[in-house]
Amino acid sequence: MKRALWVLTLVATIFVAASITFNLLAERQRILAEAAEQAESLRGALVEYTDQTFTALNLALLGLEAPLMAAPPEGTTQSLARHEILRDRQEASSGTYAYFMLDAEGRLVASSRTADPELSDLSDTMEFTTLREDPDLGVVVGSPRLGRVGFAEGQELINIARALQNSDGSFAGVVAVSLSLQHLHAYYDKLLLGPNATAGLVREDGILILRSPFAPQHLGEDISGGELLRRVQEAPEGLYTARALLDGEMRISSYARLPNFPMIAYIGVAERDRLAGWVVRAVIEAALGVLVIALIVILAIGVDRSVRRREAAQLARSELFRELATASASIVQSPTLEDVFARLERSACAITGARQARTVVGEGADVPAGRLPDGRMLARLVDAQGHPVGRVEISEKAEGRFSDDDRFALVQLADVASTVVSRLQTSVERDAALRAAEAASASEHEARMEIETIFASITDAVFAIDPDWQIIYVNDNAEKLARRSAADLVGHNAWEAFHTLRDTELHDRLVEAMVLKTPALFDFAVPDVRLWLSVRAFPHERGITAYLRDITEAKETEAMLRQAQRMEAVGQLTGGVAHDFNNLLTVIIGNADEIISNPAGAAEDSSPAELILKAAERAAELTQRLLAFSRRQALDPRAVDANQLVAHLQDLIQRTLGEAIAMEFVLGAGLWRATVDPGQLENAILNLAINAQHAMAGGGHLTIETANVVLDADYASQRMEVEPGEYVMISVTDTGAGMSRQTIDRAFEPFFTTKPAGIGTGLGLSMIYGFIKQSRGHIAIYSEIGQGTSVRLYLPRATDDLPVAELGYDAESVTGGTERILVVEDDELVRRHTVSTLTTLGYRVTAVEDGQKAIERLLEEGGYDLLLADVVLAGPMNGRQVADIALARQPGLKVLFMSGYTENAIVHHGRLDRGVNLLSKPFRRGDLARKLRAILDD
């Protein structure tokens, strides 16, 4: 234990030190990397500025060659003419001391500063000697130096020169410009990062032309033996860290050759400037690290001492137990009661350190055991039934006071003595006790048999467990629940027999019940198994008895009922909103449609109206999906050949999904006709195909299959709202990403979607769910992550009396008529729009806002050809009641209902009543026109 403690301390110390070191080194690396990035960024600016400066001067010199060699204007001396040319150039240049000209002998013959310069000899300058030897060399940058002539005397400068040639090509001298190094210093100093940073310019032969901050002692120094020139030979630009040749400073340096001149510009960042803050932090963190390590060591020393004390106490306790064992063996071997008491007293004094010990029988037997105020310590002697019969007491401890260990030892000795006393009872008493025990055993056996008979007759699984968690009894139902025999369970530890339940609520609640002696009543879901248990556990003196009942089916039924109630609540909400919303959309769509269709406005820009129409149509589609989910849409079921319908959709689905998805259609032979609204079924299949496309972003395989199936009573009993019987099954299966169990559980909820924002509304599956349920069918999803998804639609088999659906699309043109139409609509906007639309179609229209006024018009005027009535009307009558009264008065009257939300007036059990014509809101002008002609022409 102690060795492990110090090993752990060492590991913790190393960990703290390593963590601090690692963090500091990482931070140092980050700071230096940041400095390197800044140096490279500034180097670019330095190179660009320097190259532009020298390029400008070179171009200026190039432009002076011809004027200087030309003959002077008439009446002007050569010297004066050249002075004026150089002066003009000087005035146009910044940062220069002078432009000047040397003849072929190196003598100063012209200057921008004076018309009559002194004939100074500059033939020893590097730029002159270089160009005299090779006039075709181009531009030459001289070495930095102090000026020697006139105004430039003592100034730090550098000459840039070009050769002049006579008309015969011979060397005629040099034209040069003196550039102030202070001019370059002013820019270089701005780029320095820190007090010890540097920037400079070096010729390729190693001559230092410029260094910032300015250091005159280094002007013109040869640094060809330094790291910079070695690096330039390897690469024209780069980054390196090295100690500087001139001042020994460790810097991160970035360099690059000038694009047009034989020079290298560099900038260096001093490591100590950038690491100054890091050094302070390193000192602080190192101090904190030392403090933490010291605390760890101090804690380890404290724990070590505690362990040593505990080991010493354990050793003392072990010695105590050894002495108690020896003393107990001596007492047990006592032949008489007097000998028992004598050995008890001797052992008590020897173990506890008491000077006196005495045994009292009978007198004061009910005195409480423990330490008395006068320093004595007592322990009771009891008979076989646990009744106090005397006491043993000790006093006058040799050193200090009696401890808890002394009390423990005295009690143990007293218990052993009590046992021996009970054993030494008279033979008569022993015989009587034996006979009583035999009688009790027989009674206990009879009681046990009776209890087992009761347990065997109850339906719960019964587990009886002792205080050590050994299983002592299981009934037949417990064997069935555990799927093990009683022989495999009884006598085994409960948590070893059911080890997967050790870290669960069942374990915690049963342990709590056993400890607190309180019943535990709760429901428990067994992990990783489809099993719910009702647990009732009752602790008692001999352990705990647990009654377990399988309530899985009840729990799943409850969950399905809650889900159905939630879906119904949402459906009622969405259905209620749809009526008013569809009225508004009817007006918006109708007016936008009229603007687009109006010939008078055809020449104008109709795109805003088209946008309004598209937005309204999308809103209408959304509302229809809400109605489908809430099972409030009016269905017109037909006997549909699902094979024919799927084949009819095949081309549309293939064009929609594209070539990246392979498709397969498996159409069952001898397929029954299904009872379903064909238009809604087409929408559902297309929606499922689009969902599959989104699940297969990288392509995949889509299979649409049809088949006859029979759902039996067992299948239906496990699912809500499923009736056993014959169904037509249509499945849409993809090889996409698949869904988790949690996603499947929420897949039919409105607005729930796993697609990215902006893709879909979350109503596709909700609409399909509501439509299938309203069609008295069933829908199921089977999916696994990474394997794909299969959605199966089960549609009731059609009866013989149902009309057969005719698939196809009506492409009739919009035509009107001259018949009389009575419009009944309580919404003013919808009423005005409907009247306007009918009037433009040529019909004669009368409009009223409620059923009462509609009946009055029919009775007063009559002669109407068609009644166009909203189903939901304000007032005592709905549209259906108005139609019933109107047909009773005028039997030949044609009736067309319109509604955005149908109640039970014309729709029962989710289906449109036979013979009822309905136009769903919102509708377009063409929809209304075609519906009217179909009814009036019938």
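Everything numeric in this text was worked out from a predicted model, so none of it was measured.

### Quick word on the overall build of the protein chain
Counting its secondary structure elements, the protein chain contains 25 helices and 34 strands. When burial is assessed residue by residue, the protein chain has 44% of its 938 residues classed as buried.

### Thoughts on the environment of G879
Along the chain, the position of G879 falls in helix α24 (residues 879-889). A C-alpha to C-alpha distance of 9.0 Å links G879 and M898, two positions 19 residues apart in sequence. Among residues more than four places away in sequence, those in contact with G879 are A869, D870, V871, L873 and F897.

### A word on the packing of helix α18 (residues 678-695) against helix α21 (residues 764-774)
Put simply, α18 and α21 touch, their axes get as near as 10 Å, and they point 145 degrees apart. Crossing angle aside, the handedness with which α18 passes α21 is left-handed. Taken together, the residues of α21 that come into contact with α18 (itself represented by Q680, L681, A684, N687, L688 and N691) are G764, L765, M767, I768 and F771. Grouping the amino acids of the contact of α18 with α21 by side-chain chemistry returns 7 nonpolar, 4 polar and no charged.

### Digging into the sheet that holds strand β26 (residues 778-784)
Taken together, 5 strands build an open sheet; the order of strands is β22-β24-β25-β27-β26 and the sheet is mixed. Edge positions in the sheet fall to β22 (661-666) and β26, since each has one partner strand and no second. Across the sheet, the mean angle separating the axes of adjacent strands is 15 degrees when strand polarity is ignored. Bridging between β22 and strand β24 (residues 700-711) involves 6 bridges; their strand directions are parallel.

### Digging into the sheet that holds strand β20 (residues 543-550)
Reading across the sheet, the 5 strands line up as β17-β16-β20-β19-β18 and stay open at both edges, with antiparallel pairing between neighbours. Strand pairing shows two members of the sheet lacking a second neighbour, β17 (471-474) and β18 (520-525), which therefore form its edges. Recorded for the sheet is a direction-independent mean angle of 20 degrees between the axes of neighbouring strands. Strand direction decides the pairing type here: strand β16 (residues 461-465) and β17, joined by 3 bridges, are antiparallel. Directly across from F463, in β17, lies its bridge partner V474. Against the sheet, helix α14 (residues 505-516) engages β18, β19 (532-540) and β20, with an angle of about 170 degrees to β18.

### Examining the pattern of salt bridges
Evaluation of the coordinates by the stated rule reveals 36 salt bridges. One salt bridge connects D88 with R87, and the closest N-O pair in it is separated by 3.8 Å. Residues R930 and D927 are paired through a salt bridge, measuring 3.6 Å at the closest nitrogen-oxygen approach. Residue R930 and its partner D927 are located together in helix α25 (residues 925-936), separated by 3 residues, close to a single helical turn. Here R930 falls in the partly exposed class, since its relative accessible area comes to 26%. Through salt bridges with shared partners, a single ionic network connects E27, R30, E34, R274, R281 and E285.

### Quick notes on the pairing of strand β29 (residues 844-848)
As paired strands, strand β28 (residues 820-824) and β29 are joined by 5 bridges and run parallel to one another. Directly across from I821, in β29, lies its bridge partner V845.

### Structural notes on the nonpolar core
Counting residues in each nonpolar core, the largest one holds 52 residues, and the members touching the most others are F54, Y99, I160, L201, I209 and M263. The residues touching I209, leaving out its near neighbours within four places in the chain, are V141, P144, I158, L181, L201, V202, R203, L219 and M263. Core analysis: the next-biggest nonpolar cluster, separate from the first, contains 41 residues, L645, L681, L702 and Y769 among them.

### Overview of the packing of aromatic side chains
Summed over all chains, the structure comprises 7 aromatic pairs. Ring geometry for F538 versus Y547: centroids 5.9 Å apart, planes at 70 degrees, classification edge-to-face. In this structure F538 comes out as partly exposed when scored by relative accessible area, which is 35%. Take Y547: its relative accessible area is 18%, and that puts it in the buried class. Its guanidinium or amino end placed over the ring of Y782, R792 lies 4.6 Å from that ring's centre, counting from NZ or CZ.

### Some details on the pairing of strand β1 (residues 96-103)
Of all the 8 residues making up β1, 8 are buried; the element is thus mostly covered by neighbouring parts of the structure. Relative to strand β6 (residues 171-180), β1 runs antiparallel, the two being bridged by 7 bridges. Looking at the pairing, T96 lines up with L179 of β6. Strand direction decides the pairing type here: β1 and strand β2 (residues 108-111), joined by 3 bridges, are antiparallel. Considered in β2, the bridge of M101 is made with A110.

### Some words on the UniProt feature "modified residue: 4-aspartylphosphate" (unreviewed entry) in the protein chain
In the numbering used here, UniProt assigns the feature "modified residue: 4-aspartylphosphate" (unreviewed entry) to D870. With respect to the helices and strands, D870 occurs in strand β30 (residues 866-870).

### A closer look at unusual backbone geometry
Between S212 and the following residue, P213, the backbone shows a cis peptide bond with an omega angle of 0 degrees. Mapped onto the elements, P213 comes out in the loop between β8 (208-212) and α5 (227-234). Despite not being glycine, E396 shows a phi value in the positive range, around 55 degrees. Relative to the helices and strands, E396 resides in strand β15 (residues 388-397). Judged by its relative accessible area of 43%, E396 is partly exposed. With phi around 60 degrees, K517 is a residue other than glycine that occupies positive phi space. Mapped onto the elements, K517 comes out in the loop between α14 and β18.

### Considering a nonpolar patch on the surface
A surface patch of nonpolar side chains, about 580 Å² in accessible area, is lined by V280, I284, L288, L291, L295 and I298. Within the secondary structure, L288 is located in helix α7 (residues 276-332).

### Some remarks on the environment of Y843
Mapping Y843 onto the fold places it in the loop between α22 (828-840) and β29. The spatial distance from the C-alpha of Y843 to the C-alpha of G817 is 5.5 Å, given a sequence separation of 26 residues. In this structure Y843 touches T815, G816, G817, T818, E819, I821, L838, L932, R933 and L936, once residues within four positions along its chain are discounted.

### A closer look at the packing of helix α23 (residues 851-860) against α24
For the pair α23 and α24, the least separation of the axes is 10 Å and the interaxial angle reads 10 degrees. It follows from the interaxial angle that α23 and α24 lie roughly parallel. Residues G851, A854, I855, L858 and L859 of α23 form the contact with α24, whose own contacting residues are V882, I885, A886 and R889.

### Looking at α23
Every buried residue of α23 is listed here: G851, A854, I855 and L858. Angular distribution of buried residues about the axis of α23 spans 95 degrees; they occupy a single face of the element. Turning to α23, the residues buried within the fold contact β28, β29 and α24. Structurally, the start of α23 carries an N-cap: the backbone nitrogen of Q852 is 3.3 Å from a side-chain oxygen of D850.

### Topic: the side chain of E393
Note that E393 resides in strand β15. Classification of E393 as buried rests on a relative accessible area of 7%. At 2.7 Å, the side chain of E393 and the side chain of R358 are in polar contact. Not counting the four nearest positions on each side in its chain, E393 is found in contact with Q356, A357, R358, R376, M377 and L378.

### Considerations on helix α3 (residues 126-133)
Residues of α3 that are buried include every one of E127, F128 and L131, and no others. Down the axis of α3, the smallest arc covering the buried residues is 100 degrees, so these residues share one side. In this fold, the buried residues of α3 make contact with β1, β3 (140-141), β4 (145-146), β5 (156-165) and β6.

### Looking at the environment of G63
By the element assignment, G63 lies in helix α1 (residues 2-69). Look at G63 and you get partly exposed, because its relative accessible area is 42%. Remark: the alpha-carbon pair of G63 and R89, spanning 26 residues in sequence, is separated by 9.5 Å.

Parameters at a glance
- Residues numbered from 1 in each chain as written.
- Predicted model: local features only at pLDDT ≥ 70, side-chain atom pairs only at ≥ 80, totals over all residues.
- Heavy atoms only, no water.
- Helix = DSSP H or I, 4+ residues; strand = E, 2+ residues; numbered from the N terminus.
- Buried < 20%, exposed > 50% of the residue type's maximum accessible area, 1.4 Å probe, protein only.
- Contact = heavy atoms within 4.5 Å.
- Axes fitted to C-alpha atoms, helices over the stretch in contact; angles between N-to-C directions.
- Left-handed = near helix turned anticlockwise from the far one by under 90°.
- Nonpolar A, V, L, I, M, F, W, Y, C, P; charged D, E, K, R; others polar.
- Pairing = 2+ DSSP bridges.
- Salt bridge = Lys/Arg side-chain N within 4 Å of Asp/Glu carboxyl O.
- Core = buried A, V, L, I, M, F, W, Y, C linked by side-chain atoms within 4.5 Å.
- Phe/Tyr/Trp six-rings, centres within 6.5 Å; stacked < 30°, edge-to-face > 60°.
- Lys NZ or Arg CZ within 6 Å of the ring centre and 35° of its normal.
- UniProt positions renumbered as here; feature names shortened; annotations may be inferred.
- Patch = residues over 30% accessible without salt bridge, like charges linked within 9 Å, V, L, I, M, F, W, Y side chains within 5 Å.
- Areas by Shrake-Rupley, 256 points an atom, 1.4 Å probe, with all protein chains shown as cover.
- Parallel < 35°, antiparallel > 145°, perpendicular 65-115°, else oblique.
- Arc of directions from axis to C-beta.
- Polar contact = N/O pair within 3.5 Å; in protein donor to acceptor, adjacent residues only side chain to side chain.

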